[in-house]
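Survey of secondary and tertiary structure
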Amino acid sequence: MDIARIAVHDSVAAACPPAGVAESLRGLDRSVEVVGDDASFDAGDCVVTFSPREAFLDAAWVHGVRAGYDAFDVSAYEAAGTALTNSTGIHGDTVPETVVGYLTAVARRLHVYRDRQRQREWRQEPYDAAFTLSGERVCVVGLGTIGRGVAERADALGMEVVGVRRSGDPVDGVERVYAPDDLRAAAADARFVVLCCPLTEETEGLVDAALLDAMRADAYLVNVARGPVVGEDALLAALDDGEIAGAALDAHWEEPLPPDHPLWDRESVLITPHVAAATNRYHEDVAALVRENVERISRGDPLQNRVA
Ligand code: NAD
């Protein structure tokens, strides 16, 4: 593979300015340009993109600017001989910091007071509504870049951290690691269950009625993974029936979440519009991954973060 041109597709705008990514790649001895859907590609091209397009299969290599690559047809890339890489590895601070924000808001009731501030309402929550994160148990599902970042921070806050990992091998800061088959046991005693796994055939609908039923009535579900990892109807029913106390959701079943969705009106649910990974340096972080792989290609080394 020999890359002559890096084409930054304008769909990247969903994550950060495409021109910022292009600018951050200028130092490379390659032609760099921002392209739209009218562009065509050949074996000398790398395409940096947020969304897949059929035309990208003509390029040598496609880099997705997100960690999740569930939107891409991996087998089509394999069949076309087009390399596909993702952006795993750059969300180890952003998403975990957002998760700490959700946990702290819920424990210290900040989301409730922010709502009341809008009404200029000076009203305190009942004495026993607030709690401390210290001493509470968090169950982190998926111990990759994001999950480890969550575990590390939760540990530093004095939380008891358990996790779910396919290999079941121990992880620093995680007191007990469960296998995916033991998810229910892992989640049962947790005050927070934080989803940090990719959306795959295995994880679609992972959080179903049985899991929500097994969770504590005062537990919160946090989803920074992908919407379909959670059963939508199951979550709505669990909230209605008081099987769990609330949720913090950054990833949704349909994005944008429709304005008439019943979750918008729930005080116990924090909704963010898929921004857990947002940062003013996103363009540089993506460019650093692309640059590293361009250099690897020059050296004849295998691509980092290759998924097809
Ligand atoms: P990663 O690849 O570093 O980690 C994912 C981990 O999940 C891996 O260790 C993998 O082995 C594990 N895993 C896979 N299936 C599992 C299962 N059934 N049970 C338990 N663990 C399982 O990826 P990451 O950067 O940590 O990102 C994880 C996911 O988070 C992404 O795939 C993406 O969907 C989502 N994400 C969301 C945002 C956001 O803005 N909300 C940002 C980045 C990533």
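Residues numbered from 1 in each chain as written. Predicted model: local features only at pLDDT ≥ 70, side-chain atom pairs only at ≥ 80, totals over all residues. Heavy atoms only, no water.

Counted only if it meets this: UniProt positions are given in the numbering used here, feature names are shortened, and annotations may be inferred rather than shown by experiment.
Looking at an unreviewed UniProt entry, one finds the protein named D-2-hydroxyacid dehydrogenase and attributed to Haloarcula salina. Quoted verbatim from the Sequence similarities (unreviewed entry) field of UniProt, the annotation for the protein is "Belongs to the D-isomer specific 2-hydroxyacid dehydrogenase family."

With respect to the site of the ligand
Quick note on the threshold: When we say a residue is near a molecule or strand, we mean one of its heavy atoms is within 4 Å of it. The definition of a polar contact used here is a pair of N or O atoms within 3.5 Å, where within protein one atom must be able to donate a hydrogen and the other to accept one, and adjacent residues in sequence count solely through side-chain atom pairs. For every accessible area listed, the method is Shrake-Rupley and the probe measures 1.4 Å; residues are considered covered only by the protein chains on display. Polarity classes work like this: nonpolar for Ala, Val, Leu, Ile, Met, Phe, Trp, Tyr, Cys and Pro, charged for Asp, Glu, Lys and Arg, and polar for all others, with Gly in that last group.
The environment of the ligand is made up of 25 residues, and the closest members are T145, I146, R166, V224 and D250. Within the side chain of H274, an N or O atom sits 3.4 Å from an oxygen atom of the ligand. Relative to its unbound accessible surface of 860 Å², the ligand loses 88% to contact with the protein. Of the residues contributing to the shell around the ligand, the split by class is 13 nonpolar, eight polar and four charged.

Concerning the sheet that holds strand β5 (residues 83–85)
Going by this rule: One requirement defines pairing of two strands: DSSP has to find at least two bridges between them. Helix and strand definitions here come from DSSP, where helices need a minimum of 4 consecutive H or I residues and strands a minimum of 2 consecutive E residues; each element is numbered from the N-terminal end. For helices, the fitted line uses only the C-alpha atoms of the stretch in contact; every axis is such a line through C-alpha atoms, and the angle between N-to-C directions lies from 0 to 180 degrees. Should any heavy atoms of two residues lie within 4.5 Å, those residues are considered in contact.
The five strands are arranged β2-β1-β3-β4-β5 in an open sheet whose pairing can be described as parallel. Only two strands of the sheet have a single partner each, and these edge strands are β2 (31–35) and β5. Taking the axes of each pair of neighbouring strands and ignoring which way they run, one obtains an average angle of 20 degrees across the sheet. Of the pairings in the sheet, the one linking strand β1 (residues 5–9) to strand β3 (residues 45–49) comprises four bridges and is parallel in character. Following the sheet pairing, A7 is matched in β3 by V47. Strand contacts of helix α9 (residues 282–299): β1, β3, β4 (61–64) and β5, with the helix running at about 155 degrees to β4, the strand carrying the most contacts.

Concerning the side chain of R191
Rule in force here: Only protein chains enter the accessibility calculation, which uses a 1.4 Å probe. A residue is then buried if its area is under 20% of the maximum for its type, exposed if over 50%, and partly exposed in between.
Of note, R191 is situated in the loop between α6 (183–188) and β9 (192–195). A relative accessible area of 12% means that R191 is categorised as buried. Within polar-contact distance, the side chain of R191 engages the backbone oxygen of D218 at 2.7 Å. Ignoring any residue separated from it by four or fewer positions in sequence, one finds R191 in contact with F131, E136, R137, R216, D218, A219 and Y220.

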